[in-house]
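Observations on the three-dimensional arrangement
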Amino acid sequence: FGVTVRAIRFIDDPQVSTRLHPLYAVLVSRELEENQSNLNDDGLSPAERKRLEDEKEASKVQRQVEADLGGFDVEQEWVEEIERENCFKICADLGGAPPVPKSVYALWIVDAGNNWNVVDSYELPEFEHGMELNVMNLTEVPDVPSSNTRGGGHAVENSEPQELGPDTLFVTVGTAILDNDGEDVSAK
């Protein structure tokens, strides 16, 4: 399949998984290389680029004049403003911006009895990484208020057994969301 299997869990539910077609929940990831060729060009024409450089130079001259009139040297470290957009320039002659490795995570439901055929899939959103996978049945318990209370206001256990609701099969995936600069901003 060209993917890395991060976790695999058997779906132990006779309604959906049979002996002939056992189903598994599989958390997978794929490694991609994201093209960054859009960074090779800022989208400006040479005339627009020249105009921006002239505006920046005029602004720098204006700050120098104001500093001279104010009686201090603009080149002092505490006065000088750093213009960060001029730190790096991409030289397209050397190949431009390299591709960036990126992981894409997905949840697959596969049929092991049918050559591990993917029956259903869900791809996690961009920057969301699958961390944990579990398959479980959750039982719906009806909320029955008790009218019997003792002196302290605490409810007395009802001696009648409560009827439980049906079991519902859940495939749960624990994820972490990574911002596009690699910082972990939240988890769910």
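Residues numbered from 1 in each chain as written. Predicted model: local features only at pLDDT ≥ 70, side-chain atom pairs only at ≥ 80, totals over all residues. Heavy atoms only, no water.

With that out of the way, let us pick up the pattern of salt bridges. Summed over all chains, the structure comprises seven salt bridges. Each member of the salt-bridge network shares a partner with another, and the members are E34, K102 and E126. (Salt bridge = Lys/Arg side-chain N within 4 Å of Asp/Glu carboxyl O.)

This paragraph deals with the nonpolar core. In this structure, A7, I11, L23, A25, L27, L107, I109, L133 and V135 together form the largest nonpolar core, which totals nine residues. Broken down by secondary-structure element, the contributors of at least two residues to this core are β2 (23-34), β3 (100-111) and β5 (128-139). Element by element, the count of residues in this core is highest for β2, at three residues. Dropping the residues within four chain positions of it, L27 is found in contact with T4, V5, R6, A7, A106, G130, M131, E132, L133 and V173. Counting five residues, the second-largest nonpolar core is a separate cluster that includes V26, V28, W108 and V110. (Core = buried A, V, L, I, M, F, W, Y, C linked by side-chain atoms within 4.5 Å. Buried < 20%, exposed > 50% of the residue type's maximum accessible area, 1.4 Å probe, protein only. Helix = DSSP H or I, 4+ residues; strand = E, 2+ residues; numbered from the N terminus. Contact = heavy atoms within 4.5 Å.)

This part is about the pairing of strand β4 (residues 117-123). Looking at chain direction, β3 and β4 are connected through six bridges and run antiparallel. When the sheet's bridge partners are listed, W108 is paired in β4 with S121. Hairpin connection, β3 to β4: the antiparallel pair is bridged by five residues, and N115 has positive phi, about 60 degrees. (Pairing = 2+ DSSP bridges.)

For the rest of this paragraph, the subject is the confidence of the model for the chain. On average, residues of the chain carry a pLDDT of 78, and 69% of them reach 70 or more. Of all the helices and strands in the chain, strand β7 (residues 184-187) carries the lowest mean pLDDT, 52, while β4 carries the highest, 95. (pLDDT = per-residue confidence, 0-100.)

Structurally, the position occupied by T4 is in strand β1 (residues 4-10). Note on T4: relative accessible area 37%, which makes it partly exposed. The spatial distance from the C-alpha of T4 to the C-alpha of Y105 is 9.4 Å, given a sequence separation of 101 residues. Once residues lying within four places of it in the same chain are set aside, the contact partners of T4 are L27, V28 and S29.

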